Amino acid sequence: MPHPTSNVALSHTRHDHQACIADALTRADALCRERGLRLTEIRRRVLELIWANHQPTKAYDLLAQINAERGNAAPPTIYRALDFLLEAGLIHKIESQNAFIGCAVDHDRGQPKFFICRVCGGAAEIQSNEIDRAIDREARRAGFVIDHQTLEVDGLCALCADQSEAG
Ligand SMILES: [Zn+2]
Ligand SMILES: [Zn+2]
Ligand SMILES: [Zn+2]
């Protein structure tokens, strides 16, 4: 079996998830410092909540959690924080679920791509310049100008596949 790339392996297997969260927040701090962006307390907390697991998180669940923590946050506060995080590339939107996931790879220009497990709901970000290049090439060939690209592949993650075999 080929050795899986670390991000895909990580999100879909048992691992120290506290380390994932800590790592994501450290990367966010560094990125914001580098670009002169302000990671306010609410933006940081929203990011942390999104990183609570590898399943995409819905905006209304974030709102409920933030409200439980700090009284009534206005929905626009959450949506503005989400917009900021999306814009900064710290999170991505999973279009098929209308939910959000933390960015797990370094990509300067490549579009996000995901494997999404239909059992546990885990979304693993795939990093592949090859896919980006293939899409660019086909677009050029077709004279097509890309605005936005969504690549979400559904299936069964390694852990859930193992369990369904064992069961
Ligand atoms: Zn993790
Ligand atoms: Zn990403
Ligand atoms: Zn799964």
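Structure first, text after, so check above.
Owing to the predicted nature of the structure, the values given are computational and were not obtained by experimental measurement.

A. Here's a closer look at empty space enclosed by the protein. According to the stated counting rule, one finds one cavity of 30 Å³ or more in the structure shown. The calculated volume of the largest cavity comes to roughly 60 Å³. Considering the residues around the largest cavity, the lining is formed by twelve residues, among which Trp-51, His-54, Ile-101, Gly-102 and Ala-123 are closest to the centre. Looking at the lining of the largest cavity, the elements that each hand over two or more residues are β2 (99-102) and β4 (123-125). Within the lining of the largest cavity, the residues separate by chemical class into seven nonpolar, four polar and one charged. For the lining of the largest cavity, the domains that each give at least three residues are domain 1 (15-104) and domain 2 (105-166).

B. Quick peek at the sheet that holds strand β5 (residues 151-155). The strand order across the open sheet formed by three strands is β4-β3-β5, and the pairing between neighbours is mixed. One side of each edge strand has no neighbouring strand; the edge strands of this open sheet are β4 and β5. When strand polarity is set aside, the average angle formed by the axes of neighbouring strands in this sheet is 25°. As paired elements, strand β3 (residues 113-117) and β4 share three bridges and run antiparallel to each other. Directly across from Ile-116, in β4, lies its bridge partner Ala-123.

C. Inspection of unusual backbone geometry at higher detail. The phi dihedral of Asn-98 falls on the positive side, at around 50°, and the residue is not glycine. By relative accessible area, which is 46% here, Asn-98 ends up partly exposed.

D. A look at the side chain of His-17. Here His-17 shows up in helix α2 (residues 17-35). Beyond its immediate sequence surroundings of up to four residues, His-17 is in contact with Trp-51, Ala-52, Asn-53 and His-54.

E. Layout of the coordination of the zinc ion (ligand 1). Only His-15 (NE2), His-17 (ND1), Cys-20 (SG) and His-54 (NE2) from the protein reach the zinc ion (ligand 1) as donors, at distances of 2.0 to 2.3 Å. Geometry at the zinc ion (ligand 1) is tetrahedral, judged from its four donor atoms and the angles of 101 to 118° they form at the metal. Read N to C, the donor residues that coordinate the zinc ion (ligand 1) are spaced as H-x1-H-x2-C-x33-H. Remark: His-54 occurs in the loop between α3 (41-50) and α4 (59-70) and His-15 occurs in the loop between α1 (6-11) and α2; sequence separation between them is 39 residues. With relative accessibility at 26%, the residue His-15 sits in the partly exposed group.

Criteria and thresholds
- Residues numbered from 1 in each chain as written.
- Chains lettered and ligands numbered in written order.
- Predicted model: local features only at pLDDT ≥ 70, side-chain atom pairs only at ≥ 80, totals over all residues.
- Heavy atoms only, no water.
- 1 Å grid on protein atoms, 1.4 Å probe; cavity = no way out; pocket = protein on both sides within 12 Å on 5 of 7 lines; lining within 4 Å.
- Points joined across faces, edges and corners; volume = space filled by probe spheres on them.
- Helix = DSSP H or I, 4+ residues; strand = E, 2+ residues; numbered from the N terminus.
- Nonpolar A, V, L, I, M, F, W, Y, C, P; charged D, E, K, R; others polar.
- Domains from an automatic or database assignment.
- Pairing = 2+ DSSP bridges.
- Axes fitted to C-alpha atoms, helices over the stretch in contact; angles between N-to-C directions.
- Buried < 20%, exposed > 50% of the residue type's maximum accessible area, 1.4 Å probe, protein only.
- Contact = heavy atoms within 4.5 Å.
- Donors = N, O, S within 2.8 Å, 3.2 Å for Na, K, Ca; no water.
- Tetrahedral: all angles 85-135°; square planar, octahedral: opposite > 155°, others 65-115°.

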